Structure formats: structure tokens, C-alpha cells
Amino acid sequence: MSQITQRKQDHIDAVLNDPQVERQQSEFDHIKLMHRALPELDFAQINTQSEFLGHKIAFPLMIASMTGGAAQNLQQINQHLAEAAEACQVPMAVGSQRAMIQDQAAGESFKLRQYAPTVPLIANIGAVQLNYGFGLEQARRAVETLQADALYLHLNPLQEVIQPEGDTNFTQLADKIAQLVESLEVPVILKEVGCGLSPADIELGLQAGVRHFDVAGRGGTSWSRIEAHRASNELGFLFQDWGLTTLQSLKLAAPYQNQADFIASGGIRNGMDMIKAVIMGGRLCGIAAPLLAPALDSSQSVIDKIEQFKQEFATAQFLLGVANSDALHLNTGLVLP
């Protein structure tokens, strides 16, 4: 097994075996919503549909980046997720495709269009790799393998510092991101991996031509803690709760809502969290950790979990008296003062 595939296995094991990887600090519980006892709606007619990258989707959920690699179980996870994405008509993002650039055998785990022919698929490489030999060629390869509708460039400085084999040169990345945005045939989405995006990060992204951001805040899975299991020091445990929560990042992103679309991920654990994230500015909600155990089991298990999220989302939307989910976005009048 290659080093990078082993790392993917280590990540999966940490999520499944260390309950404290899940930090439960998303702060969505702090938001209280305005209940409508007389919603003047038929629950059966509630419209949860949304749009993403020109596609109609069933509701504002995206299967967020998890994994991929040469091992059979990693391929199976991605296949189950892709099949569920198609069945539920929601988008899916894959884990880092650096694995397939460095290990040809890992490519099979990212050939998912056959399982999800009609929904948006998001490719994924680390932005820092643009300082380590990656460029347009590798980005195009990631997109073409997945037949993707967009490319995630993930930003993970904390994870890279904690990782024993981490790449930590983040200098002049904004210029290289701008070059990639200009040349790549699909949109680039700038994404954190659990520490949130600050206004300064968003402004650099906007200057680079990025028009889609995933704030991916603190509060759910701690990648610092995951890497601490693989490192020989305690640094990852010290920084396990570093960063901006998803809610904080969404609030800080408010002034930029007319310049870009924002995806909310990080600590979203049910349909009510999703509703709150959309109200606070997320066009879409990325969810990963709750779908991992189902993905190890079967496509149907993932479908069942997504349908649970959809039922929760629709129930909250109904109780707010909102007929169409698009009317939730930035509708802060639904939040109790």
C-alpha cells in the first residue's frame, strides 16, 4: 500500500474509532428560529429544491469530501456515496485526488460518473500542491477523471503543519490560484477543511477570480486531532479546536454575498443545522462524517441517511412557514433576536 493510501486509511480509522474527533462545537444550537403555528402551507407541497452549478438538486445538501485511494474499501466508499448522490439527486465532492496523481491505482476510486450520471461532482486537490509541482495539468487530470463540474482547491495549513509528511509552503498561492482559475475549464471552489475562512481569505480568493467558497468551519471533524494520531507530538491535540466555526465564517462572509456563493460545511449534523446554515448565507450544506459509517455499509444506508436529513430539513422549513427553500437564503428575519 502506498504511503498516501495508508494515510487515507489512517484518517478513516481515526474518524471511526476516536469519538473525540467529532468536536460538537458548531454553535448552530445558539440560533433560535421563529416557529409558525399557522404556516398556511401543505407539508406535502413544500419545495426543498435548490440549484447548484446549473443543476436542480433535491435540497441544499452536498456529500462533502471524504476519501479516495488505491485500497478496495476506499473505492467502495466512494461508489456507495456516488450511487446515493444520484438516487437522492444531491451533489458529491470527493476527497483529495493527490492520491491518484501519485499512485495510478488510486484513479479507479475517482471514476464515479458511471454511478452518478446526472448530479454535480466536485474534483479536489490541495491548493498547497501548487507550490509542490502541481499545476493546470494535474488539475485537469483530476477534473477529467471524475468528469467533474467544478474543482475544490482545499486549504489546510493546520493539517499540513501537524501531518508528519505535511507540505507547509503556502507562499504566493493566491497568484497561482488566479492562474488556475483563469485557465481551468470548470469553476474553482476555494475550501477550508475545518478551520473556517476569514474575510482576508475570501478577499484573496475574490481577487484571484474565485466565485465559490466553502467556509468549512470548526465544530465537526477535527483534522488536527486526526493527524495527532499519526504524529509523534501533542501539537495536533493542542490545536484540535483552532479556527472559526462555520457559523462565525458565514457571518464574516455576509459582506461578500453579492460577489460569490458560499457553501456551509463543518459540524452540520442534521436538517435543522442545514436550515440555519442556509438562513445565515450558505447556498449549500456539505456533510461528510455522518455519512461515513453508512458508506462503509451500502449505498442504501447512505440513501437512508440523506433521506433522514431531507425529512428534517423539510419539517423545519414547514414550521418556519416557508414554501420554497430559496426563500430561506439570508432570510435572517426567521431568526429570533
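Scroll up to find the structure.
Residues numbered from 1 in each chain as written. Predicted model: local features only at pLDDT ≥ 70, side-chain atom pairs only at ≥ 80, totals over all residues. Heavy atoms only, no water.

**Here's the deal with the overall build of the chain**
No. 1: Assigned secondary structure in the chain consists of 13 helices and ten strands.
No. 2: Relative to the compact-globule value of 20 Å for 337 residues, the chain shows a C-alpha radius of gyration of 19 Å, a close match.
No. 3: Here the analysis covers contacts within the chain between residues at least 6 apart in sequence; of these, 78% occur between residues at least 24 apart.
No. 4: Carbon and sulfur atoms make up 49% of the accessible area of the chain, which totals about 13,700 Å².
No. 5: Distance between charge centroids for the chain: 2 Å, based on 23 positive and 36 negative side chains. (Helix = DSSP H or I, 4+ residues; strand = E, 2+ residues; numbered from the N terminus. Rg over C-alpha atoms; globule rule 2.2 N^0.38 Å. Contact = heavy atoms within 4.5 Å. Areas by Shrake-Rupley, 256 points an atom, 1.4 Å probe, with all protein chains shown as cover. Lys, Arg positive; Asp, Glu negative; His and termini not counted. Charge placed at Lys NZ, Arg CZ, Asp CG, Glu CD.)

**Structural notes on the environment of Ala327**
No. 1: The residue Ala327 is located in the segment after helix H13 (299–319) in this model.
No. 2: Residues Ala327 and Asn73, spaced 254 residues apart in sequence, show a C-alpha to C-alpha distance of 40 Å.

**Some details on the environment of Ile189**
No. 1: Along the chain, the position of Ile189 falls in strand E7 (residues 188–192).
No. 2: Each C-alpha atom of the pair Ile189 and Ser299 lies 27 Å from the other, and the pair is 110 residues apart in sequence.
No. 3: The contact partners of Ile189, leaving out residues within four places of it in the chain, are Phe52, Ile122, Ala150, Leu151, Tyr152, Leu153, His212, Phe213, Asp214 and Ile263.

**Looking at a nonpolar patch on the surface**
No. 1: A contiguous nonpolar patch, built from Val161, Leu235 and Leu238 and spanning about 280 Å² of accessible area, is present on the exposed surface.
No. 2: If you trace the backbone, Leu235 turns up in helix H9 (residues 235–238).
No. 3: On the basis of relative accessibility, which here comes to 33%, the residue Leu235 falls in the partly exposed class. (Patch = residues over 30% accessible without salt bridge, like charges linked within 9 Å, V, L, I, M, F, W, Y side chains within 5 Å. Salt bridge = Lys/Arg side-chain N within 4 Å of Asp/Glu carboxyl O. Buried < 20%, exposed > 50% of the residue type's maximum accessible area, 1.4 Å probe, protein only.)

**Focus: unusual backbone geometry**
No. 1: Phi at Glu27 takes a positive value of approximately 75°, unusual for a residue other than glycine.
No. 2: With respect to the secondary-structure elements, Glu27 resides in the loop between helix H1 (3–17) and strand E1 (50–52).
No. 3: Taking the relative accessible area as the measure of exposure, Glu27 reaches 25% and is therefore partly exposed.

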